[in-house]
Amino acid sequence: MAVQVVNSTTVTEFLILGFPDLNDYKLPFFSIILLMYCMTVCENLLIILLVSTSQRLRSPMYFFLGHLAFSDIILVTSIVPKMLDVIIREGSLISYVGCLAQSYLYGGTVSAECFLLTAMSYDRYFAICKPLHYISMMSIKLRYGLVISSWLLGFLLILISLVLVCNLDFCGPNIINHFFCDYAPVLELSCSDTTVPDIEMMILCIPIMVLPLSFIVISYVYIFFTIFRIPSTSGRQKTFSTCSAHLMVVSIYYGSMLIIYMVPYRGHSLTVNKFLSLVYIVITPLLNPIIYSLRNKEIQSSVRKYFMVCYKEGL
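Everything numeric here is computed off the predicted structure, so don't read it as measured data.

**Student:** For this particular structure, what's the right way to read the overall build of the protein chain?
**Tutor:** When its secondary structure is counted, the protein chain shows 10 helices and three strands. Helices and strands appear in the protein chain in the N-to-C order β-α-α-β-α-α-α-β-α-α-α-α-α. Reported as C-alpha extents along the three principal axes, the dimensions of the protein chain are approximately 70 × 50 × 35 Å. Looking at the protein chain as a whole, 49% of its 315 residues are labelled buried.

What follows is the structure in structure tokens.
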């Protein structure tokens, strides 16, 4: 698709460039992203199904894992279908309202996922450091309170950004050099003064990323001290395995996000920005169910039982 520039006073649609230099790799890249998207949705739906139906997966950890899987489905679905259209067409138009809607849904889900990962670290802290009080502390009321707060807080904070963007003027050009309507590249297209939204974006990084990550780090400091006090090597390994999956997911997710949103947008190349965005938008949601299931015997047992039941009913 040819590059378009809008000369009118008000932009009504944006052109998402995506990956203009793919050339002969367009179809293989499209196929890989499509396959990863289908696998991500299927894997996370399976996690939600297992957590909802299996009696073995009734602990608070799996309750939070089910909501993390749900947030991953929303995240990839808000970005990847349009991204596939962008890849196959070598650029695709999106309406002004559609762009803002995608940006808000993406931002709200990412923020909610940050808070869900924080709630999961809180759960691991009590399970390892306060095992005798774990069941009483992580009550059903607290679980639902943490989950509902994560979703509400995530979308309410991003609503501030949405309101600020809605008050900006877009009079051209209308070309977004990314594969979705991310906040920073959209701001670059505004012909208004974006000082306030730029500052707001940096400030929002504190409650959405810095504070949750700090809480997670502090939680794991206590967890590691508790693990090191366990006398037997096998006991330390068994205890660490209960939180290693969460720690790996946090490292991948926050690692890429901090580079993108804590470093000024103009401080790194567009190629690096797109690659890092692919990591936490496409790759991380695909890996999350695998990471949590890889060394978890309860999930593995529930998966085998579920497929055995499906097989018998199919016969």
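Having seen the model, we can carry on.
**Student:** Help me understand the pairing of strand β1 (residues 13–16) in this model?
**Tutor:** One ladder, built from four bridges, connects β1 with strand β2 (residues 92–95); its direction is antiparallel. Bridged to Phe-14 within β2 is Ile-94. By the bridge criterion, two bridges tie β1 to strand β3 (residues 175–176) in an arrangement that is parallel. Within the sheet, the bridge partner assigned to Leu-15 lies in β3 and is Ile-175.

**Student:** I keep staring at the state of the cysteines and nothing clicks. Help me out?
**Tutor:** As used here, a disulfide is simply a covalent bond connecting the sulfur atoms of two cysteines. If you walk through the whole model with that rule in mind, you get two disulfides. Shown here is the disulfide that connects Cys-99 with Cys-181, its sulfur atoms set 2.1 Å apart. Across the S-S bond linking Cys-99 and Cys-181, the dihedral sits near -125°, which makes this disulfide left-handed. Of this pair, Cys-99 sits in helix α3 (residues 96–129) while Cys-181 sits in the loop between β3 and α6 (183–188), placing them 82 residues apart in sequence. Residue Cys-99 is classed as buried on the basis of its relative accessible area, which comes to 0%. Residue pairing for Cys-171: its cysteine sulfur links by disulfide to Cys-191, the two sulfurs lying 2.2 Å apart. Of the two residues, Cys-171 sits in the loop between α5 (140–166) and β3 while Cys-191 sits in the loop between α6 and α7 (195–228), which places them 20 residues apart along the sequence. Cys-171 gets classed as partly exposed once you look at its relative accessible area, which sits at 29%. Here Cys-191 falls in the partly exposed class, since its relative accessible area comes to 39%. Going through the protein chain in sequence order and numbering each bonded cysteine, the pairs you get are 1-3, 2-4. Unpaired in this structure, Cys-38 has its nearest cysteine sulfur neighbour in Cys-42, at a distance of 6.6 Å.

**Student:** Explain the nonpolar core here, please?
**Tutor:** Counting residues in hydrophobic clusters, the biggest one holds 73 residues, and the most contacted among them are Ile-33, Leu-117 and Tyr-254. When contributions to this core are tallied by element, the ones reaching two or more residues are α1 (26–53), α2 (60–89), α3, α5, α7, α8 (233–262) and α9 (270–294). In terms of residue count, the dominant contributor to this core is α2 (15 residues). With residues up to four places along the chain from it excluded, the contact list for Leu-117 reads Leu-68, Ile-216, His-246, Val-249, Val-250, Tyr-253 and Tyr-254. Counting residues in hydrophobic clusters, the runner-up holds 19 residues, among them Val-165, Phe-170, Val-186 and Leu-187.

**Student:** Would you mind showing me how to read the packing of α3 against α7 here?
**Tutor:** To characterise two packed helices, one gives the angle between the axes of the helices and the distance between these axes. With their axes 9 Å apart at the nearest point, α3 and α7 run at an angle of 15° to one another. Considering their axes alone, α3 and α7 lie roughly parallel with respect to each other. When you trace α3 past α7, the crossing you get is left-handed. Two secondary-structure elements touch here, α3 through Ser-111, Cys-114, Phe-115, Leu-117, Thr-118, Ser-121, Tyr-122, Arg-124, Tyr-125, Ile-128 and Cys-129 and α7 through Pro-207, Ile-208, Met-209, Pro-212, Phe-215, Ile-216, Ser-219, Tyr-220, Tyr-222, Ile-223, Thr-226 and Ile-227. The class makeup of the residues in the contact of α3 with α7 is 17 nonpolar, five polar and one charged.

**Student:** Would you explain the environment of Glu-43 in this entry?
**Tutor:** With respect to the element layout, Glu-43 can be found in helix α1. Taking C-alpha positions, Glu-43 is 29 Å from Tyr-183, a pair spaced 140 residues apart along the chain. Once you skip the residues sitting within four places of it in the chain, Glu-43 turns out to touch Leu-286, Pro-289 and Ile-290.

**Student:** Explanation requested: the UniProt feature "transmembrane region" (unreviewed entry) in the protein chain in the structure shown.
**Tutor:** UniProt's entry tags residues 29–51, 63–84, 104–122, 142–165, 201–228, 240–263 and 275–294 with the feature "transmembrane region" (unreviewed entry), counted in the numbering of this structure. Its end C-alpha atoms 32 Å apart, residues 63–84 is made of 100% helix and 0% strand.

**Student:** Is there a simple way to explain the environment of Ser-111 in this structure?
**Tutor:** Locating Ser-111 in the fold gives a position in helix α3. Relative accessible area serves as the criterion here: at 2%, Ser-111 is assigned to the buried category. Excluding anything up to four places from it in sequence, Ser-111 contacts Gly-154, Ile-158 and Ile-208.

**Student:** Got a minute to help me understand the pattern of salt bridges in this structure?
**Tutor:** A pair can form between side chains of opposite charge whenever their charged atoms are brought close. Considering all chains together, one arrives at four salt bridges under this definition. Residue Glu-90 is joined to Lys-26 by a salt bridge in which the shortest nitrogen-to-oxygen separation is 3.5 Å. With Glu-90 in the loop between α2 and β2 and Lys-26 in helix α1, the pair connects residues that are 64 residues apart, well separated along the chain. The salt bridge partner of Asp-85 is Arg-89, with a shortest N-O separation of 2.5 Å. Taken together, the residues span about one helical turn, with Asp-85 and Arg-89 both in helix α2 at a distance of four residues. When its relative accessible area of 21% is taken as the criterion, Asp-85 is described as partly exposed. By relative accessible area, Arg-89 is classed as partly exposed at 49%. A network of salt bridges, in which partner residues are shared, links Lys-82, Asp-85 and Arg-89.

Each value, and the rule that gives it
- Residues numbered from 1 in each chain as written.
- Predicted model: local features only at pLDDT ≥ 70, side-chain atom pairs only at ≥ 80, totals over all residues.
- Heavy atoms only, no water.
- Helix = DSSP H or I, 4+ residues; strand = E, 2+ residues; numbered from the N terminus.
- Buried < 20%, exposed > 50% of the residue type's maximum accessible area, 1.4 Å probe, protein only.
- Pairing = 2+ DSSP bridges.
- Disulfide = S-S within 2.5 Å.
- Core = buried A, V, L, I, M, F, W, Y, C linked by side-chain atoms within 4.5 Å.
- Contact = heavy atoms within 4.5 Å.
- Axes fitted to C-alpha atoms, helices over the stretch in contact; angles between N-to-C directions.
- Parallel < 35°, antiparallel > 145°, perpendicular 65-115°, else oblique.
- Left-handed = near helix turned anticlockwise from the far one by under 90°.
- Nonpolar A, V, L, I, M, F, W, Y, C, P; charged D, E, K, R; others polar.
- UniProt positions renumbered as here; feature names shortened; annotations may be inferred.
- Salt bridge = Lys/Arg side-chain N within 4 Å of Asp/Glu carboxyl O.

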